[in-house]
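Here's the letter readout for the chains.
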Amino acid sequence: MNIGVLGTGVVGQSLATKLTELGHTVTMGARRADNETARQWTESGHENARQGTFADAAALGELVVNCTAGAASLAALEAAGEENLSGKVLLDVANPLDFSRGMPPRLSVANTDSLGEQIQRRFPEARVVKALNTINHQVMVEPHRVPGGHDVFVCGNDEAAKSEVRELLESFGWPRDTIHDLGDLTAARATEGYLPLWLRLMGRLGTADFNIRVVR
Ligand SMILES: NC(=O)c1ccc[n+]([C@@H]2O[C@H](COP(=O)([O-])OP(=O)(O)OC[C@H]3O[C@@H](n4cnc5c(N)ncnc54)[C@H](OP(=O)(O)O)[C@@H]3O)[C@@H](O)[C@H]2O)c1
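Below is a summary of the structure that appears in this document. The shown structure was predicted, so the numbers you read here are calculated from the model rather than taken from an experiment. (Residues numbered from 1 in each chain as written. Predicted model: local features only at pLDDT ≥ 70, side-chain atom pairs only at ≥ 80, totals over all residues. Heavy atoms only, no water.)

## Topic: the pairing of strand E4 (residues 63-66)
Then, in step 1: The alternating pattern of E4 places Leu-63 and Val-65 on one face and Val-64 and Asn-66 on the opposite face, and all of these are buried.
Then, in step 2: Of the strand pairs in this sheet, strand E1 (residues 2-6) and E4 are connected by four bridges, and their pairing is parallel. Bridge pairing links Leu-6 to Asn-66 in E4.
Then, in step 3: One ladder, built from four bridges, connects E4 with strand E5 (residues 89-92); its direction is parallel. Bridge pairing in E5 places Leu-63 opposite Val-89. (Buried < 20%, exposed > 50% of the residue type's maximum accessible area, 1.4 Å probe, protein only. Helix = DSSP H or I, 4+ residues; strand = E, 2+ residues; numbered from the N terminus. Pairing = 2+ DSSP bridges.)

## Brief notes about the site of the ligand
Then, in step 1: By nearness alone, 23 residues border the ligand, and Thr-8, Val-11, Arg-31, Thr-68 and His-137 come closest of all.
Then, in step 2: Note that an oxygen atom of the ligand is positioned 3.3 Å from one of the backbone N or O atoms of Gly-70.
Then, in step 3: Protein burial of the ligand: of its 900 Å² of free accessible surface, 73% is covered by the chains.
Then, in step 4: Of all the elements in the fold, those that place two or more residues in the shell around the ligand are helix H1 (10-21) and helix H7 (137-141).
Then, in step 5: Grouping the constituent residues of the shell around the ligand by class yields 12 nonpolar, 10 polar and one charged. (Near = heavy atom within 4 Å. Polar contact = N/O pair within 3.5 Å; in protein donor to acceptor, adjacent residues only side chain to side chain. Areas by Shrake-Rupley, 256 points an atom, 1.4 Å probe, with all protein chains shown as cover. Nonpolar A, V, L, I, M, F, W, Y, C, P; charged D, E, K, R; others polar.)

## Some details on the environment of Glu-62
Then, in step 1: Relative to the elements of secondary structure, Glu-62 occurs in the loop between helix H3 (54-60) and E4.
Then, in step 2: Assessed through its relative accessible area of 44%, Glu-62 is described here as partly exposed.
Then, in step 3: In this structure the C-alpha to C-alpha distance between Glu-62 and Gly-4, which are 58 residues apart in sequence, comes to 7.4 Å.
Then, in step 4: At a separation of 2.6 Å, a polar atom in the side chain of Glu-62 contacts the main-chain amide nitrogen of Asn-2.

## Some remarks on the packing of aromatic side chains
Then, in step 1: Under the criterion given, the structure shown has one aromatic pair.
Then, in step 2: Relative to Phe-210, the ring of Trp-198 has its centre 5.3 Å away and its plane inclined at 25°; by these criteria the two rings are stacked. A residue pair is termed long-range when its members are at least 10 positions apart, and Trp-198 in helix H10 (residues 195-205) and Phe-210 in the segment after H10 qualify at 12 residues. Each member of the pair, Trp-198 together with Phe-210, is buried.
Then, in step 3: The ring of Phe-123 carries the charged tip of Arg-122 above its face, separated from the ring centre by 4.6 Å. (Phe/Tyr/Trp six-rings, centres within 6.5 Å; stacked < 30°, edge-to-face > 60°. Lys NZ or Arg CZ within 6 Å of the ring centre and 35° of its normal.)

## Re the packing of H1 against helix H8 (residues 159-172)
Then, in step 1: The geometry of H1 relative to H8 is characterised by a closest axis approach of 11 Å and an angle of 80° between their N-to-C directions. Regarding the angle of H1 to H8, the classification is roughly perpendicular. Facing Leu-15, Lys-18 and Leu-19 of H1, the residues of H8 in contact are Leu-168, Ser-171 and Phe-172.
Then, in step 2: For the contact of H1 with H8, the class distribution of residues is four nonpolar, one polar and one charged. (Axes fitted to C-alpha atoms, helices over the stretch in contact; angles between N-to-C directions. Parallel < 35°, antiparallel > 145°, perpendicular 65-115°, else oblique. Contact = heavy atoms within 4.5 Å.)

## With respect to the nonpolar core
Then, in step 1: Residues Leu-15, Val-65, Leu-132, Leu-169, Phe-172 and Trp-174 are the most contacted members of the largest nonpolar core, which totals 33 residues.
Then, in step 2: Per element, the largest residue contribution to this core is five residues, and it comes from H8.
Then, in step 3: Beyond its immediate sequence surroundings of up to four residues, Leu-132 is in contact with Leu-15, Val-93, Met-140, Val-152, Phe-153, Leu-169, Phe-172 and Trp-174.
Then, in step 4: Counting 21 residues, the second largest nonpolar core, distinct from the first, contains Leu-90, Phe-123, Cys-155 and Ala-187. (Core = buried A, V, L, I, M, F, W, Y, C linked by side-chain atoms within 4.5 Å.)

In short, geometric facts, not functional conclusions.
Written out as structure tokens, the structure is:
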């Protein structure tokens, strides 16, 4: 499948690398077509690796992944182009972290709204699925880095889009019964709202290789 990965940070790099390893053709998008990080990524031996602008990546992708800084995601998606997102699954892994007042970051949107919902409202024809935002980028694509069973959440308004994302997560190594469908996109308020706890846990544990497990 052709996949557009919007973002050149560690998340974009981890997801783009995993996707190429799985045989997908990936275009990594950035503000500039000649982004240096994306260039290094395409030249580091990954087959089927391409680079371009956010618009190039979104246009070439049959599925698009938003791995941009939460504060900039709407601008990045605007640059990607509404027409390039229309009808496509838009996997949103971003978190609305606001670092403007120092550490720890605050959530720029919470309680009654979420970044996932803001994206869906702005791009109503995109099929937004929020997932993986509660997990470090390395664990996203290598769940076995954390021993034992642990869980990942998906939510979104389009059932078929969520099925596609669930299949993608299974291809990353997430067992089917660890992928929890939380329902419609308003659940992004909860998964994004988990970030302050995730950050606190990382500080206390001294590693990002951890996750939570839902036990009944
Ligand atoms: N780090 C993790 O393990 C982790 C885990 C879960 C979720 N997340 C979330 O995943 C997202 C990506 O995180 P990251 O650490 O990989 O990267 P990041 O540093 O948060 O974001 C980098 C990307 O944001 C774009 N960007 C920055 N400012 C912009 C602006 N003003 N306009 C348009 N685009 C802009 C950059 O574009 P250029 O390429 O053009 O510079 C780059 O592609 C974030 O929302 C983060 O909260 C991170």
